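# Coordinate inspection notes
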There are 2 protein chains.
Amino acid sequence: MHAAARALQAERGRHEITVPLVAARAGVTASTVYRRWGDLTELLADVAAERLRPETPPVDTGSLRGDLAAYCEQYLEEMSSPAGRAFLRDLVASCGDDRPACRCDLYIREQIGVIVERAARRGEPTPGVGEIVEGVMAPMMYRILFVADPVDLADARRLVDALLARGGGQPRG
Amino acid sequence: MHAAARALQAERGRHEITVPLVAARAGVTASTVYRRWGDLTELLADVAAERLRPETPPVDTGSLRGDLAAYCEQYLEEMSSPAGRAFLRDLVASCGDDRPACRCDLYIREQIGVIVERAARRGEPTPGVGEIVEGVMAPMMYRILFVADPVDLADARRLVDALLARGGGQPRG
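Residues numbered from 1 in each chain as written. Chains lettered and ligands numbered in written order. Predicted model: local features only at pLDDT ≥ 70, side-chain atom pairs only at ≥ 80, totals over all residues. Heavy atoms only, no water.

Identification of chain A as Transcriptional regulator, TetR family from Frankia casuarinae is taken from an unreviewed UniProt entry.

Time to look at the packing of aromatic side chains. Here a ring pair, both rings aromatic, is described through the centre-centre distance and the interplanar angle of the planes. All names here are of chain A. One pass over the structure, following the stated rule, counts four aromatic pairs over all chains. Between tyrosine 71 and tyrosine 75, the ring centres sit 6.2 Å apart and the planes meet at 45 degrees, which makes this aromatic pair tilted. Taken as a pair, tyrosine 71 and tyrosine 75 lie in helix 5 (residues 64-80) at a separation of four residues, close to a single helical turn. Tyrosine 75 matches tyrosine 71 in its accessibility class, with the two residues each being buried. We note arginine 36 situated over the ring of tryptophan 37; from NZ or CZ to the ring centre the distance is 4.4 Å. (Phe/Tyr/Trp six-rings, centres within 6.5 Å; stacked < 30°, edge-to-face > 60°. Helix = DSSP H or I, 4+ residues; strand = E, 2+ residues; numbered from the N terminus. Buried < 20%, exposed > 50% of the residue type's maximum accessible area, 1.4 Å probe, protein only. Lys NZ or Arg CZ within 6 Å of the ring centre and 35° of its normal.)

Residues given the UniProt feature "domain: HTH tetR-type" (unreviewed entry) here are residues 1-55 of chain A. Regarding residues 1-55 of chain A, the helix share stands at 69% and the strand share at 0%, and the terminal C-alpha atoms are separated by 20 Å. (UniProt positions renumbered as here; feature names shortened; annotations may be inferred.)

With that out of the way, let us pick up the domain arrangement of chain A. Domain annotation of chain A identifies domain 1 (2-38) and domain 2 (49-166). Computed over C-alpha atoms only, the centres of domain 1 of chain A and domain 2 of chain A are separated by 29 Å. (Domains from an automatic or database assignment.)

This part covers the nonpolar core. Counting residues in hydrophobic clusters, the biggest one holds 78 residues, and the most contacted among them are A:Ile108, A:Met140, A:Phe146, B:Ile108, B:Met140 and B:Phe146. Residues contacting B:Met140, with those up to four places away along its chain left out, are B:Cys72, B:Tyr75, B:Leu76, B:Val151, B:Ala156 and B:Leu159. (Core = buried A, V, L, I, M, F, W, Y, C linked by side-chain atoms within 4.5 Å. Contact = heavy atoms within 4.5 Å.)

Turning to the interface of chain A and chain B, a few remarks are in order. With 32 residues of chain A at the interface, the matching set in chain B holds 31 residues. Buried area between chain A and chain B, both sides added, is near 2,700 Å², and the carbon and sulfur share of it is 61%. Summed over the three residues of chain A that lose the most area to chain B, namely A:Glu134, A:Tyr142 and A:Phe146, the buried surface amounts to 28% of that side. Linking chain A to chain B there are two salt bridges. We note a salt bridge from A:Glu134 to B:Arg158, for which the minimum N-O separation is 2.9 Å. Every element with two or more residues in the side of chain A that touches chain B is listed here: helix 6 (82-93), helix 7 (100-122), helix 8 (129-146) and helix 9 (153-166) of chain A. (Buried area = accessible area lost by both parts, 1.4 Å probe. Salt bridge = Lys/Arg side-chain N within 4 Å of Asp/Glu carboxyl O.)

As structure tokens, then:
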């Protein structure tokens, strides 16, 4: 079903996609889709969350600052591209109890958790995962969703530097 | 047209609203709506941005910390209510050139600008508007959109306190 939805998304505009079209492409009935996902919004949010699932651990550059900058670069490439913005729109549109948008946040925390653990193993002082999400990822997401000027890697580096300069972090591990 | 859309939103589920319904309620043809807004997504985003336009200046509590806490409280009430989340979904769904989501950010910056000016006039050291948006409003918005646990006023106060404790602000004005 995800493959069918992805294929249609590649071919058509968002407004042309319907549950019967996705079902037909996947070779099932529309009622199967409604039973499993409720409606098109929830199906597309599920597809979007799946597309944002990380396939590899974050790059190890040898330092916390470098790892965070590299992760930000990848996050920006994914999220601020036209396809990424469409995924974000689909995620935010979902309002089911088990919102796929929350899976997106969990993926982000998992990746940052790997970066923080590596820093602790190197003996580097490091802010916690929550502080990094609030100090770096949340402002980038806000910019992507609500601000006309595109956010770029220089902005991301400034956020990382400001967070690390606060020096609240302690070596952990 | 906004009034017609708002009336329908109060009566029906999001998925039952269509351009012909809104047009009929407003006493115009559907083609008038398409000409002015392009499609339903853009119309609803425009309605949402209008609903988020502040009607009064932020409350003056006598201190920067108090003004920011009071503004956060109002922002949380508006944005994290079911109606507020629906507005946010409508805003984020829009992808027009002049995105209504950006108007939402401008309203936030205007209100915080008033708070920062007041603080400067009192001689209080204050972070800039951009620092407050990044340090307080963006993390709250991220939590509202992507995190399952509801964000509450205690979280907002913690963000305000952390920002002010950083002490990067200078008296301005």
